[in-house]
Amino acid sequence: MPAYALLAGICYRCLFPYFNPRIKMILILIMAGIYGALLKWYQTDTSGRYISFVDIAFNLIGMMIGIWLPRMGTAVHKKTA
């Protein structure tokens, strides 16, 4: 979960000046979700590994946290300015 939060947070910061925040959140969830699903599918070739939908759900929660934290930081800066 922390890795996906970091991935989503970095993507949010990098895409900050280019997109509307709502579109940016959707794009990040789609891109990181596809990346996470492909990574889980790729890991099934390793013996003893399998796809867990709970793990994918935790990855999505991590992405949402990673998107939420930078948004809260920008909201604090807007209020104090």
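Model, not experiment: these values are computed from the prediction.

A. Examining the overall build of the protein chain more closely. The secondary structure content of the protein chain amounts to three helices and zero strands. Listing each helix as α and each strand as β along the protein chain from the N terminus yields α-α-α. Residues counted as buried form 22% of the 81 residues belonging to the protein chain. Of the contacts made within the protein chain by residues no fewer than 6 positions apart, 65% connect residues no fewer than 24 positions apart. Accessible surface computed for the protein chain: about 6000 Å², of which carbon and sulfur atoms make up 73%.

B. How the structure looks around the UniProt feature "transmembrane region" (unreviewed entry) in the protein chain. As annotated in UniProt, the feature "transmembrane region" (unreviewed entry) corresponds to residues 25–44 and 50–69 in the numbering used here. Along residues 50–69 one finds 85% helix and 0% strand; the C-alpha atoms at either end are 31 Å apart.

C. Examining a nonpolar patch on the surface more closely. Taken together, Ile 26, Ile 30, Ile 34, Leu 38, Trp 41, Tyr 42, Ile 51 and Phe 53 make up a surface patch of nonpolar side chains, about 930 Å² in accessible area. Among the structural elements, Trp 41 can be located in helix H2 (residues 21–43).

D. Highlighting the nonpolar core. Residues Tyr 4, Ala 8, Tyr 12, Leu 15, Ile 28, Ala 32, Met 63 and Ile 67 constitute the largest nonpolar core, which totals eight residues. Elements represented by at least two residues in this core include exactly helix H1 (2–14), H2 and helix H3 (53–80). Top contributing element to this core by residue count: H1, with three residues. The residues contacting Ala 8, other than those within four sequence positions of it, are Ile 28, Met 63, Gly 66 and Ile 67.

E. Layout of the packing of H1 against H2. The N-to-C vectors of H1 and H2 enclose an angle of 140°; their axes lie 10 Å apart at closest approach. Taken together, the axis directions place H1 and H2 in an arrangement best described as oblique. Between H1 and H2 lies a crossing whose hand is right-handed. In this structure, H1 uses Tyr 4, Leu 7, Ala 8, Cys 11 and Tyr 12 to contact H2, whose residues at the interface are Pro 21, Lys 24, Met 25, Ile 28, Ala 32, Tyr 35, Gly 36 and Leu 39. Taken together, the residues of the contact of H1 with H2 sort by class into 11 nonpolar, one polar and one charged.

F. Representation of the pattern of salt bridges within the structure. Scanning the model with the defined rule gives one salt bridge in all. When the shortest N-O distance is used, the salt bridge between Asp 55 and Lys 40 registers 2.4 Å. In this pair, Asp 55 sits in helix H3 while Lys 40 sits in helix H2, placing the two residues 15 residues apart along the sequence. For Asp 55, a relative accessible area of 30% translates into the label partly exposed. According to the relative accessible area criterion, Lys 40 is buried, its value standing at 10%.

Reading the values: the criteria
Residues numbered from 1 in each chain as written. Predicted model: local features only at pLDDT ≥ 70, side-chain atom pairs only at ≥ 80, totals over all residues. Heavy atoms only, no water. Helix = DSSP H or I, 4+ residues; strand = E, 2+ residues; numbered from the N terminus. Buried < 20%, exposed > 50% of the residue type's maximum accessible area, 1.4 Å probe, protein only. Contact = heavy atoms within 4.5 Å. Areas by Shrake-Rupley, 256 points an atom, 1.4 Å probe, with all protein chains shown as cover. UniProt positions renumbered as here; feature names shortened; annotations may be inferred. Patch = residues over 30% accessible without salt bridge, like charges linked within 9 Å, V, L, I, M, F, W, Y side chains within 5 Å. Salt bridge = Lys/Arg side-chain N within 4 Å of Asp/Glu carboxyl O. Core = buried A, V, L, I, M, F, W, Y, C linked by side-chain atoms within 4.5 Å. Axes fitted to C-alpha atoms, helices over the stretch in contact; angles between N-to-C directions. Parallel < 35°, antiparallel > 145°, perpendicular 65-115°, else oblique. Left-handed = near helix turned anticlockwise from the far one by under 90°. Nonpolar A, V, L, I, M, F, W, Y, C, P; charged D, E, K, R; others polar.

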